[in-house]
Amino acid sequence: MSKAAPSVGTVHLVGAGPGDPDLLTLRAARLVMNARLVVHDGLVDPAILAMAPRGARFVSVAKQRARHTMKQDEINALLVREALAGNDVVRLKGGDPFVFGRGGEEAEACHAAGVPVQVVPGISAAMGAAAAAQIPLTHRENASIVSFVAGQCKGLSEQNWAGLAGVGRTLVIYMGVATAEQIAEKLIADGLSPTMPLAVIENAARPEMRVLRGQLAGLGPLVANEKVKSPALIVIGEVAARGDSMELKSIAEATA
Ligand code: SAH
């Protein structure tokens, strides 16, 4: 080869937060605004992609539950290939890269190939949804423990959630829309009260956000009747009954 080998680029694993571009960290915003190559998930809001400079290259690796446009090892290989070719990569992920984001696997693949990695934290959906719905995840009176779990089909029945939900604790379920009914059954079988309050927060921190409230036994019907769609989070615990008055007030104002 006549040309000198290019220097290796850096892969930035960047949290894009729950949607609203205002919820990016300054570091994430700076990286996006200077990006030459953006590799992004489907959950990343178009308004955030629009912050990239003209001429930036975009690669979508959008994943959905049943339909994978690109397998995880292909994504890893893409990041490594681009970095080894000398390109800095802004790998944008919804929420935080290390909360149900498979950022760990991407970082490991880069390390194995000698590619430098930087991780920029983002506001995970739990924090974004809690803030937007004004549901505190912890509260002196209601919860001093908060857990994040993944509720997708695969392995749901084998997951041991015992003790994660109940009085004095908050359970936040990511990716639980499709399995809402089984989740309620599982928790009630674990001894949780069927009347435990819950909230389903769809499209948190986006203009189309919906906050639905109910009780554990009614979770399946609530999700079905309201046609809840991903992305949505389920928050189970006494804190889910808080923030309700704020919402009723804003609904009353909107319909007045
Ligand atoms: N890394 C992301 C989570 C990716 S898993 C994070 O830290 O937030 C994808 C799941 O995140 C979705 O199925 C949904 O449960 C949740 N999620 C992501 N964005 C959301 C949003 N704006 N509103 C509600 N839930 C969201």
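Above this note sits the structure.
### A short note on the sheet that holds strand 8 (residues 197–202)
Ordered by their spatial adjacency, five strands build an open sheet running 6-7-10-8-9, and the pairing between neighbours is mixed. Each having just a single partner strand, strand 6 (143–150) and strand 9 (210–215) make up the two edges of the open sheet. Between one strand axis and the next, the sheet turns by 20° as a mean value, whatever way the strands run.

### Comments concerning unusual backbone geometry
Where the residue is not glycine, phi is negative for most of them; where a peptide bond is considered, it is trans in most cases. Geometrically, the link from serine 230 to proline 231 is a cis peptide bond, its omega value of 5° lying close to zero. Topologically, proline 231 is positioned in the loop between helix 7 (219–225) and strand 10 (232–236). The residue alanine 205 is not glycine, and still its phi comes out positive at about 60°. By the secondary structure assignment, alanine 205 is in the loop between strand 8 and strand 9. With a phi angle near 50°, lysine 227 is a residue other than glycine that sits in the positive phi range. Mapped onto the fold, lysine 227 is located in the loop between helix 7 and strand 10. Lysine 227 gets classed as exposed once you look at its relative accessible area, which sits at 57%.

### Thoughts on the sheet that holds strand 2 (residues 37–40)
Spatial strand order, 3-2-4-1-5: five strands in an open sheet with parallel pairing. The two strands at the open ends of the sheet, each matched to only one other strand, are strand 3 (57–60) and strand 5 (117–120). The average angle at which neighbouring strand axes cross in this sheet is 20°, direction not considered. Sheet analysis places strand 2 next to strand 4 (residues 89–93), joined by three bridges and oriented parallel. Among the inter-strand pairings, valine 38 is bridged to a residue of strand 4, identified as valine 90. Sitting on the sheet, helix 1 (residues 26–33) is in contact with strand 1 (11–15), strand 4 and strand 5, with an inclination near 125° to strand 1. Sheet strands in contact with helix 4 (residues 103–112) are strand 1, strand 4 and strand 5, and its direction is about 170° off that of strand 1.

### With respect to the nonpolar core
Leu187, Val200, Leu219 and Ile236 are the most contacted members of the largest nonpolar core, which has 24 residues in total. For this core, the elements supplying multiple residues, two or more each, are strand 7 (168–174), helix 6 (180–189), strand 8, helix 7 and strand 10. Take this core: its biggest share by element is four residues, from helix 6. The contact partners of valine 200, leaving out residues within four places of it in the chain, are Arg210, Val211, Leu212, Leu219, Leu222, Val223, Val228, Ala232, Leu233 and Ile234.

### Considerations on the packing of helix 3 (residues 72–84) against helix 4
To characterise two packed helices, one gives the angle between the axes of the helices and the distance between these axes. At a closest axis distance of 9 Å, the pairing of helix 3 and helix 4 adopts a crossing angle of 45°. Compared by their axis directions, helix 3 and helix 4 come out oblique. Viewed along their axes, helix 3 and helix 4 form a crossing whose handedness is right-handed. Across from Gln72, Ile75, Asn76, Leu79 and Val80 in helix 3, the residues of helix 4 making contact are Glu105, Glu106, Ala109 and Cys110. By residue class, the composition of the contact of helix 3 with helix 4 is five nonpolar, two polar and two charged.

Rules used throughout
Residues numbered from 1 in each chain as written. Predicted model: local features only at pLDDT ≥ 70, side-chain atom pairs only at ≥ 80, totals over all residues. Heavy atoms only, no water. Pairing = 2+ DSSP bridges. Helix = DSSP H or I, 4+ residues; strand = E, 2+ residues; numbered from the N terminus. Axes fitted to C-alpha atoms, helices over the stretch in contact; angles between N-to-C directions. Buried < 20%, exposed > 50% of the residue type's maximum accessible area, 1.4 Å probe, protein only. Contact = heavy atoms within 4.5 Å. Core = buried A, V, L, I, M, F, W, Y, C linked by side-chain atoms within 4.5 Å. Parallel < 35°, antiparallel > 145°, perpendicular 65-115°, else oblique. Left-handed = near helix turned anticlockwise from the far one by under 90°. Nonpolar A, V, L, I, M, F, W, Y, C, P; charged D, E, K, R; others polar.

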